[in-house]
Structure formats: structure tokens, C-alpha cells
Amino acid sequence: MNQPERVPTTLTRVPNRTVPPPLDVVAIRAQFPILAQLSRGKRLAYLDNSATTQKPEAVIQALDHYYRHDNANVHRGLYELAERATGAYERAREVIARFLGAQHDEIVYTRGTTEAINLVARCYVQPRLEPGDEVLVTGMEHHSNIVPWQLVGAKVVAAPVLDDGALDLAAWKKLLNPRVKLAAVVQVSNTLGTVNPVAEMVRAAHARGIPVFVDGAQAVAHMAVDVKAMGADFYAFSAHKVYGPTGFGALYAKRELLEAMPPWHGGGDMIRTVTFEHSTWNDVPYKFEAGTPDIAGAVGTAAALEWLEAVGLDAVHAHETALLDEATRRVAKIPGLRIIGTAPGKAAIISFVMDSAHPQDVGDVLNMEGVAVRTGHHCTMPVMARFCIPGTVRASFGVYNDAADIDQLEHALQTVKRLLG
Ligand code: PMP
């Protein structure tokens with residue numbers, strides 16, 4: 001019923017290769033200078049990749065190069081530096097578009113996923129909203145895929161989550177009704193690791209004339225995404241979760257939707273003409289990009305996506321799946337530890353609770369052992385309410401994690417047992 005998306009989407013990117021080449025994790029780790037440091041005097045085991053990922057040399061150098069050699073404002077100057085800065089900034093749009101399987105004029109730069117969702121709420125949902133209208137979400141959404149819809153006055157309706165953390169897809173389908181102005185769904189849950197069957201959900205929603213927004217924040221670093229094959233009307237991601245810089249991201253939207261939407265922020269670059277009486281708007285996507293943008297952010301994001309493409313998302317996926325299987329086997333052996341989110345085909349995120357210790361205390365001990373994990377509600381309070389827990393400890397894996405990280409996590413959890421019972 002609830003088939004995970006990722007295997008088919010991974011294979012659509014590499015149609016002739018079903019067995020990915022192995023990933024050279026030693027060589028990958030060497031490209032992340034931050035990982036070489038000690039934490040609390042121990043080897044650093046960075047397992048908070050769902051919160052943000054570390055940056056490879058390729059990204060650090062791209063940012064450095066941009067500021068050393070190319071910095072100028074974009075779209076305005078006629079001089080050489082401005083041409084280079086504009087070229088790099090617009091080339092990044094091509095890279096992002098290719099990465100998502102979109103056209104470049106369907107990519108709107110934002111500060112990240114959160115800002116992209118607020119843009120869709122203000123410019124797409126709000127103008128269409130009548131009293132009682134709904135945005136249909138799932139019970140596993142990040143707060144950023146709940147609150148923006150509330151802010152524009154929509155009634156947020158959530159489909160239930162099953163005991164293993166999978167979406168109750170049948171219940172979700174039953175909630176599709178004429179009052180739903182938009183279905184908004186997370187592709188990969190940042191708390192449960194659940195991979196939602198977004199292509200099937202898009203088909204079901206479209207059959208009832210309902211457009212779909214997909215939150216790709218936790219997906220793009222771990223699986224190949226093709227927004228056209230998926231059929232999503234809107235798709236968003238944040239660069240910092242895909243080895244790129246913080247404060248940058250993108251919204252994909254079908255061109256005809258962007259054309260029909262009013263602008264959001266007013267200011268420079270988003271206009272064609274301005275008088276004191278009346279202004280007219282620039283073409284899409286610039287209509288949504290007022291003011292001097294984060295030019296270096298675009299450059300760094302392109303470097304990150306090209307770096308990840310060179311590693312190969314099929315290899316990343318295989319590597320992280322192997323890590324997930326091994327880490328799950330090892331942590332599940334710890335007495336009194338319960339994993340929250342065990343849906344088939346889940347992504348490499350392990351949320352858990354321990355019966356003898358509060359998540360924060362577990363996190364403190366792990367920190368003393370050099371293991372960086374996230375504790376708390378992970379901006380998904382409704383998930384905590386659903387599972388009747390105050391929070392979880394979350395270990396989330398990325399391309400540079402290795403067997404030593406799993407050893408260190410297991411050892412640190414044994415220390416928790418010894419110290420906290
Ligand atoms: N959606 C999901 C599923 C997330 O995990 C996050 C970040 N934790 C966001 C949205 C928001 O991303 P950002 O803070 O980069 O805007």
C-alpha cells in the first residue's frame with residue numbers, strides 16, 4: 001500500500017545501472033575538514049545531518065573563490081566583475097534546475113525550505129482561500145509545513161500516522177475533498193525517517209484537481225529527485241541540508257503557477273517598471289526575488305549539488321542504507337531502547353527513546369563521548385504527541401558517516417546505560 005518512493009526515483013536517474021559503485025568513504029571524509037577535529041577530546045562522530053550537513057572543500061573553496069575574485073551585485077552592473085557574478089548566480093539556477101529535473105525559470109531562490117513554504121502560502125494559497133478551506137498535511141510534518149498555512153488562515157487537516165511511522169495513505173486519500181486548496185506533504189520525515197509515496201500521492205490529489213506541495217528538505221541529499229516524474233506542483237529544499245551553505249534554498253514551481261501568482265516581497269529586481277501610481281512585474285522567477293540576493297549562497301549551492309552528483313546519489317543511497325541497517329541492528333540491542341519510526345524503506349534517520357533516561361540526558365552523555373546527535377521534538381511536536389513522548393534522540397546519517405561512527409554511537413549508548421541505568 002505505502003510503497004517507498006526512493007528505489008524507483010533512484011533508478012530513473014541511472015536507468016542502466018542497478019548496482020551502484022561502492023562509495024570511498026575514506027576519500028569522502030578527507031574532503032570535510034571539520035570532521036578531522038576532536039570533540040570533548042574524542043573523535044567527532046557527527047550524526048546530526050538532518051539538522052544540517054557539513055561542507056566539503058569544494059563548497060568552501062567555491063565560496064572563497066567567489067568572494068576573492070567575482071563579488072559584485074547581480075543583474076545590474078555592466079562591468080566585468082558584475083558579469084561574472086551574474087553568470088555564476090544564474091549558472092547556479094541551471095544546476096539546481098538540472099538537479100531537480102526542472103526548467104531554470106521554474107526555480108525561485110529562497111532562504112531555504114521555510115521561506116519557500118511561506119512564499120507558497122502567501123502567493124498561492126492565500127489569494128485562493130475561502131472560509132473553511134483546507135490545506136491537507138500529514139501527521140509527520142515539520143512545523144514549517146504547518147504554521148505558514150495557519151498564518152494565512154487555512155484550516156490545517158492532518159492525515160494520521162501509523163504505529164510504525166508510515167503515513168496512513170488510505171486515510172490521507174479519504175481526506176482529499178473539494179475544500180482542500182493544497183496538499184502539502186513531507187517527502188522524508190526528519191523525525192521518523194519515513195519516505196512518503198509522493199508520486200502516488202500527487203496522482204491521487206491531481207485526480208481530484210488538488211495541487212501538491214512536496215517538502216524535500218530531508219530528501220535531496222539522500223535520493224535522486226525528479227520533480228517532473230513526481231508530478232509535484234511545488235517542491236522545496238534547503239542548501240544547508242545537502243552539503244551547501246546555510247541561508248539558501250529553492251522553490252520549484254510549475255511555470256504556469258508562478259505566472260499566475262502575485263509577487264511576494266516588493267523592491268529592486270522584481271519589477272519591470274515603477275511609477276508612484278503603479279508598478280509592473282519582472283518575468284518569473286525574478287518576480288519573486290526582490291532585493292540583493294545571497295549570491296554566494298547560490299554559488300555554494302551549485303558547488304554542493306555538483307559535488308554530490310559527482311559522488312553519485314545511487315552510491316550515496318546504497319551507503320546510507322547499509323549504515324542505517326547496521327546502526328539499527330546495533331542500537332536495537334541496547335536494553336530499554338525503543339526506535340520511533342520503523343516504516344519499510346525509511347531513510348537513514350534513527351529516532352529513539354530510552355526507558356531509563358530523558359532524551360536530553362542521553363544527548364548530554366553522547367556529547368561527552370564526541371557523538372553529535374539532536375534531542376527534542378525536532379520541530380515536529382505533533383509527532384511527539386502522536387507517540388506520547390516528550391522528545392527523541394535522533395541519529396541521522398550522511399555521506400561521510402562510517403562504521404567508526406556506528407561503533408562510537410553504540411559505545412556511547414552503553415555508557416548511557418552504565419551511568420543512567
Ligand atoms: N522540512 C523538514 C522536513 C525539515 O527537516 C526542515 C529542517 N529541519 C525544514 C522543513 C525547514 O528547513 P529550513 O530550516 O532549512 O528552512
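Residues numbered from 1 in each chain as written. Predicted model: local features only at pLDDT ≥ 70, side-chain atom pairs only at ≥ 80, totals over all residues. Heavy atoms only, no water.

## As for helix α13 (residues 359-368)
- Among all positions in α13, only Pro 359, Val 362, Gly 363, Val 365 and Leu 366 are buried. One side of α13 carries all its buried residues, which in axial view fall inside an arc of 165 degrees.
- Summarising the contacts, the buried residues of α13 are in contact with β14 (349-354), β15 (371-372), β16 (374-376), β17 (392-396) and α15 (403-420).
- Phi turns positive, to about 80 degrees, at Gly 370, one or two residues after α13. (Buried < 20%, exposed > 50% of the residue type's maximum accessible area, 1.4 Å probe, protein only. Helix = DSSP H or I, 4+ residues; strand = E, 2+ residues; numbered from the N terminus. Arc of directions from axis to C-beta. Contact = heavy atoms within 4.5 Å.)

## Some details on the sheet that holds β16
- Spatially, 4 strands are ordered β13-β14-β17-β16 in an open sheet, and the strand pairing comes out antiparallel. Edge positions in the open sheet fall to β13 (337-340) and β16, since each of these has one partner strand only. With direction set aside, neighbouring strand axes in the sheet form an average angle of 30 degrees.
- Direction of pairing for β14 relative to β17: antiparallel, over a ladder of 4 bridges. Along β17, the bridge assignment pairs Ser 351 with Arg 394.
- Its contacts with the sheet put helix α12 (residues 313-331) on β13 and β14, and the angle it makes with β14 is roughly 10 degrees.
- Strand contacts of α13: β14, β16 and β17, with the helix running at about 45 degrees to β17, the strand carrying the most contacts. (Pairing = 2+ DSSP bridges. Axes fitted to C-alpha atoms, helices over the stretch in contact; angles between N-to-C directions.)

## Focus: unusual backbone geometry
- In this structure, the amide linkage connecting Val 284 to the following residue, Pro 285, adopts the cis form with an omega of 5 degrees.
- Of note in this structure, Arg 40 is not a glycine but carries a positive phi near 55 degrees.
- For Arg 40, the position within the fold is in the loop between β1 (38-39) and β2 (42-43).
- Judged by its relative accessible area of 54%, Arg 40 is exposed.
- With a phi angle near 65 degrees, His 75 is a residue other than glycine that sits in the positive phi range.
- Structurally, His 75 can be placed in the loop between α3 (57-70) and α4 (80-100).

## A few points about the domain arrangement of the protein
- Looking at the assigned domains, one finds that the protein contains domain 1 (25-49 + 312-420) and domain 2 (58-310).
- Taken over C-alpha atoms, the centre of domain 1 sits 28 Å from the centre of domain 2.
- Every contact between the two is made by 34 residues of domain 1 and, on the other side, 33 residues of domain 2.
- Carbon and sulfur atoms make up 59% of the surface buried where domain 1 meets domain 2, a total of about 2,500 Å² over both sides. (Domains from an automatic or database assignment. Buried area = accessible area lost by both parts, 1.4 Å probe.)

## A closer look at the environment of Ala 158
- Along the chain, the position of Ala 158 falls in strand β6 (residues 155-159).
- Ala 158 sits in the partly exposed class, given a relative accessible area of 44%.
- A sequence separation of 20 residues divides Ala 158 from Thr 138, and the C-alpha atoms of the two residues are 4.6 Å apart.
- Each residue touching Ala 158, except ones within four places of it in the same chain, is listed here: Val 137, Thr 138, Gly 139 and Leu 175.

## Regarding the sheet that holds strand β9 (residues 234-238)
- Strand order in the open sheet formed by 7 strands is β4-β10-β9-β8-β7-β5-β6, with mixed pairing between adjacent strands. In this open sheet, the two edge strands, each paired with only one partner strand, are β4 (107-110) and β6. For this sheet the average axis-to-axis angle between neighbouring strands, irrespective of direction, equals 20 degrees.
- Sheet topology places strand β8 (residues 212-215) next to β9; 3 bridges connect them, and they run parallel. Residue pairing across strands places Asp 215 opposite Ala 236, the latter belonging to β9.
- Here helix α5 (residues 113-128) sits on the sheet in contact with β4, β5 (134-138), β7 (180-186), β8, β9 and β10 (249-253), set at roughly 155 degrees to β9.

## Examining the pattern of salt bridges
- Evaluated as defined, the whole model comprises 29 salt bridges.
- Measuring nitrogen to oxygen at the nearest pair gives 3.1 Å for the salt bridge that ties Arg 43 to Asp 402. Taken together, the residues span a long stretch of sequence, with Arg 43 in strand β2 and Asp 402 in the loop between β17 and α15 at a distance of 359 residues.
- Looking at Asp 402, the relative accessible area reads 14%, which means it is buried.
- In this structure, a network of salt bridges that share partners links the residues Glu 326, Arg 329, Arg 330, Lys 333, Asp 407 and Glu 410. (Salt bridge = Lys/Arg side-chain N within 4 Å of Asp/Glu carboxyl O.)

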